[in-house]
Amino acid sequence: MIALQILKMIGIILVVIIGALLLLILIILLAPIHYKAEGSYEDTDNKYEVNAKVNWLLHIIRVSFDMDKEKQDIAAKVLFFKVYPRPEKVSDTLGERKAPEEGRISKIKYQISSLYVKIKRVVYMLNDERDQAAVKELLLRVKKLLWHIRPRKLDIDLKLGMDDPATTGEAVGIIYSFYPVYTKHLHLTPDFDNKVIEAGLDLKGHIQLIFVIIAALRIYFDKNIRRLYRQIQKLRE
């Protein structure tokens, strides 16, 4: 009798543990990862600023990114604990050594020749129906994934002025020719008197891991995509 009670308690504990694990997995898969970003740019003194934040599981996990002309900071927190501080200075100079002119020219020629051979192989490869099906499926999965992770809110403020009013008018006309695409997102203010470029960005969105995992699994288990991947690996050798 005691043994049965012990087994019953063990069974209840196992059921509770399994239920808790399943609940945790569902929360991880379905809980949205929220992201938002703000940015600004002024061409008068080449001033720019970017602030981005990502949070997950009711702000239990938080990542922030701040960057301006002089520095950038990345920080990650779990609850109240900072797990990833990483301040960096942005350098304006790269300090790379310049290669001799002849060496650079020969290197460019070799790269162009190698690229031409690879392009021919890719064109030949994509004539295969299986490779065409792989590319079609891959583009479909990427398109659906991008649609899911797209910003739900996107506002762009742009103040634009060129060297003269005519050039400003032409630039504004080109931008407005695509206006139906971003009519809800872009707020354009032309300046016909001054040469100026000022921009502001504000976006928000969210991502659910389950959609990312489903897309990754569909891509991974597609035999045509795996075949195409192996062929691309051979091209890189």
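Residues numbered from 1 in each chain as written. Predicted model: local features only at pLDDT ≥ 70, side-chain atom pairs only at ≥ 80, totals over all residues. Heavy atoms only, no water.

Chemist: What is the right way to look at the overall build of the chain in this model?
Modeler: Helix and strand counts for the chain stand at six helices and eight strands. Counted from the first residue to the last, the chain has its helices and strands arranged as α-β-β-β-β-β-α-α-β-α-β-β-α-α. Relative to the 2.2 N^0.38 estimate, which gives 18 Å for 237 residues, the radius of gyration of the chain is 27 Å and therefore markedly larger than a compact globule would have. Considered along the principal axes of its C-alpha atoms, the chain spans approximately 95 × 50 × 45 Å. Per-residue burial for the chain yields a buried fraction of 16% across its 237 residues. Carbon together with sulfur atoms contributes 65% to the accessible area of the chain, which is approximately 18,700 Å² in total. (Helix = DSSP H or I, 4+ residues; strand = E, 2+ residues; numbered from the N terminus. Rg over C-alpha atoms; globule rule 2.2 N^0.38 Å. Buried < 20%, exposed > 50% of the residue type's maximum accessible area, 1.4 Å probe, protein only. Areas by Shrake-Rupley, 256 points an atom, 1.4 Å probe, with all protein chains shown as cover.)

Chemist: I keep staring at the pattern of salt bridges and nothing clicks. Help me out?
Modeler: Two side chains carrying opposite charge are able to pair once their charged atoms lie near each other. Taken as a whole and judged by the stated rule, the model has six salt bridges. A salt bridge links Lys71 to Asp73, with the shortest nitrogen-to-oxygen separation between them at 3.2 Å. Measuring nitrogen to oxygen at the nearest pair gives 2.7 Å for the salt bridge that ties Arg227 to Asp131. Placement of the pair is Arg227 in helix α6 (residues 223–236) and Asp131 in helix α3 (residues 129–149), with a sequence separation of 96 residues. You can call Asp131 buried: its relative accessible area is 0%. (Salt bridge = Lys/Arg side-chain N within 4 Å of Asp/Glu carboxyl O.)

Chemist: Got a minute to help me understand the confidence of the model for the chain in this structure?
Modeler: Do not read the predicted coordinates in detail wherever pLDDT is low. Confidence in the prediction of the chain, expressed as mean pLDDT, is 86, and 90% of residues score 70 or more. Mean pLDDT values for the elements of the chain range from 71 in helix α2 (residues 101–125) up to 96 in strand β1 (residues 33–42). (pLDDT = per-residue confidence, 0-100.)

Chemist: Is there a simple way to explain the packing of α3 against helix α5 (residues 209–221) in this structure?
Modeler: Helix-helix packing: each pair is described by the crossing angle between the helix axes and the interaxial distance. Put simply, α3 and α5 touch, their axes get as near as 10 Å, and they point 175° apart. As far as their axial angle goes, α5 and α3 are roughly antiparallel. Residues Leu138, Arg141, Leu145 and His148 of α3 form the contact with α5, whose participating residues are Phe211, Val212, Arg218 and Ile219. Of the residues belonging to the contact of α3 with α5, the class tally is five nonpolar, one polar and two charged. (Axes fitted to C-alpha atoms, helices over the stretch in contact; angles between N-to-C directions. Parallel < 35°, antiparallel > 145°, perpendicular 65-115°, else oblique. Contact = heavy atoms within 4.5 Å. Nonpolar A, V, L, I, M, F, W, Y, C, P; charged D, E, K, R; others polar.)

Chemist: Can you help me understand the packing of aromatic side chains in this one?
Modeler: Here the distance between the centres and the angle between the planes together describe a pair of aromatic rings. Throughout the structure, instances matching the rule amount to one aromatic pair. Summarising the aromatic geometry, the rings of Tyr220 and Phe221 are spaced 5.1 Å apart at their centres and angled 85° between planes, so their arrangement reads as edge-to-face. Here Tyr220 falls in the partly exposed class, since its relative accessible area comes to 48%. In this structure, Arg150 is placed above the aromatic ring of Trp147, and the distance from its NZ or CZ to the ring centre is 3.7 Å. Taking NZ or CZ as reference, Arg226 lies 4.8 Å from the ring centre of Tyr220, over its face. (Phe/Tyr/Trp six-rings, centres within 6.5 Å; stacked < 30°, edge-to-face > 60°. Lys NZ or Arg CZ within 6 Å of the ring centre and 35° of its normal.)

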